[in-house]
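# Summary of structural features
The lines below spell out each chain.
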Amino acid sequence: MQKESRRLRAEGRSIGLAPTMGALHEGHLSLVRKAREDNDVVVVSIFVNPTQFGPGEDFDKYPRDLAGDLDKLEAENADIVFAPAVEDMYRSGHSTVVEVGGALTSTLCGMSRPGHFRGVTIVVSKLLNIVLPDRAYFGEKDFQQLQVIRRMVRDLNFPVEIVPLPIVREKDGLAMSSRNKYLSKDERIDALALKEALEHFRERVEEGERDAMKLAADMMSLIEETPSAEIDYVAVVDAETLEDVATLAGRTLAALAVKFGATRLIDNTVVEV
Ligand code: AMP
């Protein structure tokens, strides 16, 4: 892959990378389409990265559908699919980590998934070094991941432009996710509590509410009305630093992680105050 990228770059062709874990849906394809618009060559990586899953998480049962993914990527005119085996990405003796410190990785998902972002930054560093893209595309669905990667790229001078893309949702508002496949029929209905809480947050902010604690408490009570919902976190934080805010000012992120049965879903929205 690296050899091919070096050859393409030597010819003066620009490369766009969309990193994914496969089981592709419209959210992933929005990254691929933007990469197609911006670059001469589009590379999509498909790799379910073991180092970003904690013990007891869903690494083994994470949905995998390489054949279906290849069909979708062919239809989007992607040029190269990079789908390495775990043994090829992590050769025996792999012992290097890449870690972004501070609030960016210790709050929100970092709290409930210790080590998760370290796994993400290790694999994204490797993918950037292997694919050598001019631009790499990430969804705001994983807002914290996007901010962590931006910080890593800035701190370590990766020569790549990180391009964010908005959340793609189902018709009824549920944020698309490969993990939505796990939901039972009832859980799928209950999961709408996430987008309803975020819509409520946006309305309250529009009405003038600026108290972060109140806004978070409001979202929490709304979600608690759905008995099957088990809240992991509900947070209202600064959208750049992900640190707590008391009063909303500037770009503010409302972020949620909620379990329905065994399935943990995340969603978020950003408001500009
Ligand atoms: P994943 O396969 O879940 O690791 O996601 C790969 C990339 O697709 C990440 O940058 C995600 O943020 C992005 N992505 C996943 N779901 C969505 C969505 N519903 N809307 C936009 N981007 C998404």
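Residues numbered from 1 in each chain as written. Predicted model: local features only at pLDDT ≥ 70, side-chain atom pairs only at ≥ 80, totals over all residues. Heavy atoms only, no water.

## Concerning the overall build of the chain
When helices and strands are tallied, the chain shows 11 helices and 8 strands. With respect to the principal axes defined by its C-alpha atoms, the chain has extents near 55 × 40 × 40 Å. A buried classification covers 52% of the 273 residues belonging to the chain. In the chain, the proportion of contacts linking residues at least 24 apart, taken out of those at least 6 apart, comes to 72%. (Helix = DSSP H or I, 4+ residues; strand = E, 2+ residues; numbered from the N terminus. Buried < 20%, exposed > 50% of the residue type's maximum accessible area, 1.4 Å probe, protein only. Contact = heavy atoms within 4.5 Å.)

## What to know about the sheet that holds strand β3 (residues 80–82)
The pairing of strands in a sheet happens through backbone hydrogen bonds and is either parallel or antiparallel. Strand order in the open sheet made by the 5 strands is β3-β2-β1-β4-β5, with parallel pairing throughout. Each end of this open sheet is capped by a strand with a single partner; those strands are β3 and β5 (161–165). Neighbouring strand axes in the sheet, compared pairwise and without regard to direction, differ in orientation by 25° on average. Judged from the 6 bridges that link them, strand β1 (residues 15–20) and strand β2 (residues 41–46) form a sheet pairing that is parallel. For A18, the partnering residue across the bridge sits in β2 and is V44. (Pairing = 2+ DSSP bridges. Axes fitted to C-alpha atoms, helices over the stretch in contact; angles between N-to-C directions.)

## Here we look at the layout of surface pockets
Take a probe with the size of a water molecule and roll it over the atoms, and the empty space left behind shows itself. Its volume calculated, the second largest pocket comes out at about 250 Å³. Secondary-structure elements contributing two or more residues to the lining of the second largest pocket are α11 (212–224) and β6 (229–238). Counting residues per element, the lining of the second largest pocket draws most heavily on β6, at 6 residues. Of the residues in the lining of the second largest pocket, the class split is 12 nonpolar, 1 polar and 2 charged. (1 Å grid on protein atoms, 1.4 Å probe; cavity = no way out; pocket = protein on both sides within 12 Å on 5 of 7 lines; lining within 4 Å. Points joined across faces, edges and corners; volume = space filled by probe spheres on them. Nonpolar A, V, L, I, M, F, W, Y, C, P; charged D, E, K, R; others polar.)

## Notes on the site of the ligand
The environment of the ligand is made up of 17 residues, and the closest members are M21, H28, D142, V168 and M176. A distance of 2.7 Å is found between an oxygen atom of the ligand and a side-chain nitrogen or oxygen belonging to D142. Contact distances for the ligand include 2.9 Å between a nitrogen atom and a backbone N or O atom of M176. Breaking the shell around the ligand down by element, the ones donating at least two residues are β1, α2 (26–38) and β4 (135–139). For the shell around the ligand, the element with the most residues is α2, which contributes 3 residues. (Near = heavy atom within 4 Å. Polar contact = N/O pair within 3.5 Å; in protein donor to acceptor, adjacent residues only side chain to side chain.)

## Details of the sheet that holds β6
Taken in spatial order, the 3 strands line up as β6-β7-β8 in an open sheet, and their pairing is antiparallel. Each of the sheet's edge strands pairs with one partner strand only, and the pair in question is β6 and β8 (263–272). This sheet shows a mean twist of 15° between the axes of neighbouring strands, independent of strand direction. For β6 and strand β7 (residues 251–260), the ladder comprises 9 bridges, and the chain directions are antiparallel. Among the inter-strand pairings, D238 is bridged to a residue of β7, identified as T252. In this fold α11 packs onto β6 and β7, with an angle of close to 160° to the strand it touches most, β6.

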